[in-house]
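If you want the building blocks of each chain, they are given just below.
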Amino acid sequence: MLIARLIAEPETLGDTLGDRLALAMEQIEDAGWEVAGAGMLSEVDDVLEMELIEEAKAPDVGAVRRILDEGFPASDMLLSRVPIEVPRLFVSDMDSTMIGQECIDELADFAGLKERIAAITERAMRGELDFEAALRERVGLLKGLSESAIKQCLDERIRPMDGARTLVATLKARGAKTVLVTGGFHAFADPVAEQLGFEHVVANRLGVHGGVLTGDVVGGIVDSSVKRKVLIEEAARLGEGAGSLATGDGANDIPMLEAATHGIAYRAKPKARAAADGWIERGDLTAILSLYGIAREHWVAA
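Residues numbered from 1 in each chain as written. Predicted model: local features only at pLDDT ≥ 70, side-chain atom pairs only at ≥ 80, totals over all residues. Heavy atoms only, no water.

A.B. asks: Just to check I follow, could you spell out the packing of helix H4 (residues 114–125) against helix H5 (residues 131–141) for this structure?
C.D. replies: Packed helix pairs are characterised by how far apart their axes lie and by the angle those axes make with each other. Look at H4 against H5: their axes get within 10 Å of each other, and the N-to-C directions meet at 170°. Taken together, the axes of H4 and H5 are roughly antiparallel relative to one another. Residues Arg 116, Ile 117, Ile 120, Thr 121 and Ala 124 of H4 touch H5, and the partners they reach there are Ala 134, Glu 137, Arg 138 and Leu 141. Partitioned by chemical class, the residues of the contact of H4 with H5 number 5 nonpolar, 1 polar and 3 charged. (Axes fitted to C-alpha atoms, helices over the stretch in contact; angles between N-to-C directions. Helix = DSSP H or I, 4+ residues; strand = E, 2+ residues; numbered from the N terminus. Parallel < 35°, antiparallel > 145°, perpendicular 65-115°, else oblique. Contact = heavy atoms within 4.5 Å. Nonpolar A, V, L, I, M, F, W, Y, C, P; charged D, E, K, R; others polar.)

Encoded structure:
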């Protein structure tokens, strides 16, 4: 069985919904699936849910993704092989996911190097560069920058992504453990986690000596393998069958997204979006709550 939930642009939920849905259902059945049911969620009336059953021996899940993506453009979507239940574990990337910025790019602006470092960041997020090598190169370029630039950057540049506080607070209220895991740095991640309500942080550490950055990363690197390991270990602590949710936007998040019960890509780079079980393209982070069937009146304001 495959469950598909989606939130489309408002105009597609009017007179054109029936036509779009009928065409999508026909195409899905041609791809080897039986559409067992389709309708709006009773709890969240702007979420369309479809239940699909395999007819062919090996129906193509990717075909369902493509059909729904093309039939309902600019939508928020989640595809699941298991019943969609509120997760007991939420693990998220930070930069461009929980916050609207890339911290190292903004910090580089204080050294007059934003354009140069942002270009490296972009390529790393797209999976075109080795993450560790790219990180060390960017940090090396910041050697000699005053440590005080970090606080100034936090105060002036770093802002939560829309819906981030409500997403974290609502999942916590429903019993989920929340973990912020980032290839960025504790100097940024710790205050961001406190602001958003995350209970645990896994991040890198910038080398600092005499009040200036040394250009080094202290200790091991939080890369894609570490992100995946954190998710698996945290889920194991919660016991067998504990559902997990991971969110991220870049290639470095892919193993974590794939290891979670549900990996959702938030306005992500193409490789991360393709690897995820779902994606958010039109709404803010609270769209995830809707896809999990949590009605707006049950969201926790933060």
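A.B. asks: Sorry, what's going on with a negative patch on the surface here?
C.D. replies: A grouping of Glu 26, Glu 29, Asp 30, Glu 34 and Glu 55 is seen on the molecular surface, where their side chains present a negatively charged patch. For the negative patch, the leading source of residues is helix H1 (residues 17–30), giving 3 residues. Inspection of the secondary structure puts Glu 55 in the loop between strand S3 (48–54) and helix H2 (61–71). (Patch = residues over 30% accessible without salt bridge, like charges linked within 9 Å, V, L, I, M, F, W, Y side chains within 5 Å. Areas by Shrake-Rupley, 256 points an atom, 1.4 Å probe, with all protein chains shown as cover. Salt bridge = Lys/Arg side-chain N within 4 Å of Asp/Glu carboxyl O. Lys, Arg positive; Asp, Glu negative; His and termini not counted. Charge placed at Lys NZ, Arg CZ, Asp CG, Glu CD.)

A.B. asks: I would appreciate a short explanation of the pattern of salt bridges in the present structure.
C.D. replies: Here the idea is simple: oppositely charged side chains can pair when their charged atoms come close. In this structure the tally under the stated criterion is 19 salt bridges. Across the pair Lys 227 and Asp 93 runs a salt bridge, and its minimum N-O distance is 3.1 Å. Taken as a pair, Lys 227 in helix H9 (residues 224–238) and Asp 93 in the loop between strand S5 (89–92) and helix H3 (103–109) lie far apart in primary sequence, 134 residues in all. Of the two residues examined, Lys 227 and Asp 93, each falls in the buried class. A salt bridge links Lys 269 to Glu 122, with the nearest nitrogen and oxygen atoms 3.0 Å apart. In this pair, Lys 269 sits in the loop between strand S10 (262–266) and helix H11 (270–275) while Glu 122 sits in helix H4, placing the two residues 147 residues apart along the sequence. On the basis of relative accessible area, Lys 269 is assigned to the buried category, the value being 17%. (Buried < 20%, exposed > 50% of the residue type's maximum accessible area, 1.4 Å probe, protein only.)

A.B. asks: Can you walk me through the environment of Arg 20 in this structure?
C.D. replies: In this fold, Arg 20 is placed in helix H1. Classification of Arg 20 as partly exposed rests on a relative accessible area of 29%. As a C-alpha pair, Arg 20 and Val 35 span 15 residues in sequence and 14 Å in three-dimensional space. A distance of 2.6 Å separates the side chain of Arg 20 from the backbone oxygen of Gly 71, its partner in a polar contact. (Polar contact = N/O pair within 3.5 Å; in protein donor to acceptor, adjacent residues only side chain to side chain.)

A.B. asks: Before we go on, may I ask you to explain the pairing of strand S4 (residues 76–80) in this structure?
C.D. replies: Consecutive side chains along a regular strand alternate between the two faces of the sheet. Within S4, 5 of the 5 residues are buried, which leaves it mostly tucked inside the rest of the structure. Burial along S4 is two-sided: Asp 76, Leu 78 and Ser 80 facing one way and Met 77 and Leu 79 facing the other are all buried. Relative to S4, strand S1 (residues 2–7) runs antiparallel, the two being bridged by 5 bridges. Bridging across to S4, Arg 5 finds its partner in Leu 78. Examined bridge by bridge, S4 and strand S11 (residues 278–280) share 2 bridges and lie antiparallel to one another. Paired with Met 77 across the strands is Trp 279, a residue of S11. (Pairing = 2+ DSSP bridges.)

A.B. asks: Is there a simple way to think about the nonpolar core in this case?
C.D. replies: Counting 59 residues, the largest nonpolar core has Met 98, Leu 107 and Phe 188 as its most contacted members. Take this core: its biggest share by element is 5 residues, from helix H8 (residues 186–196). Apart from residues lying up to four places away in sequence, Phe 188 is in contact with Met 94, Cys 103, Leu 107, Ile 150, Cys 153, Leu 154 and Ile 158. Among the nonpolar cores identified, the runner-up in size contains 39 residues, and Ala 4, Ala 24, Leu 52 and Met 77 belong to it. (Core = buried A, V, L, I, M, F, W, Y, C linked by side-chain atoms within 4.5 Å.)

A.B. asks: Help me out: how do you make sense of the packing of aromatic side chains in this one?
C.D. replies: Each aromatic ring pair is summarised here by two numbers: the centre-to-centre distance and the angle between the ring planes. Taken as a whole and assessed by the stated rule, the structure comprises 1 aromatic pair. Sitting over the ring of Trp 279, Arg 273 keeps its end group 4.3 Å from the ring centre. (Phe/Tyr/Trp six-rings, centres within 6.5 Å; stacked < 30°, edge-to-face > 60°. Lys NZ or Arg CZ within 6 Å of the ring centre and 35° of its normal.)

A.B. asks: Would you mind showing me how to read H8 here?
C.D. replies: An α-helical turn contains 3.6 residues, so any two residues separated by three or four positions project in the same direction. Buried residues of H8: His 186, Phe 188, Ala 189, Val 192, Ala 193 and Leu 196, and no others. Within H8, the buried residues cover an arc of 155° as seen down the axis, which keeps them to one side. Remark: Gly 197 follows H8 within two positions and exhibits a positive phi of approximately 100°. (Arc of directions from axis to C-beta.)

A.B. asks: Would you mind showing me how to read the environment of Leu 41 here?
C.D. replies: Residue placement: Leu 41 occurs in the loop between strand S2 (33–40) and S3. With near-sequence residues (within four places) excluded, Leu 41 lies in contact with Arg 5, Val 47, Glu 49, Ser 290 and Gly 293.

A.B. asks: Is there a simple way to explain the sheet that holds strand S8 (residues 212–218) in this structure?
C.D. replies: Paired through backbone hydrogen bonds, the strands of a sheet run either parallel or antiparallel to each other. Taken together, the 11 strands give an open sheet; going across it, the order is S2-S3-S1-S4-S11-S10-S9-S5-S6-S7-S8, and neighbouring strands pair in mixed fashion. The outermost strands of the open sheet, each flanked by one partner alone, are S2 and S8. Neighbour-to-neighbour, the strand axes of this sheet turn through a mean angle of 20°, independent of strand direction. Where S5 meets strand S9 (residues 244–248), 4 bridges bridge the pair, whose relative direction is parallel. Bridge pairing links Leu 89 to Ser 244 in S9.

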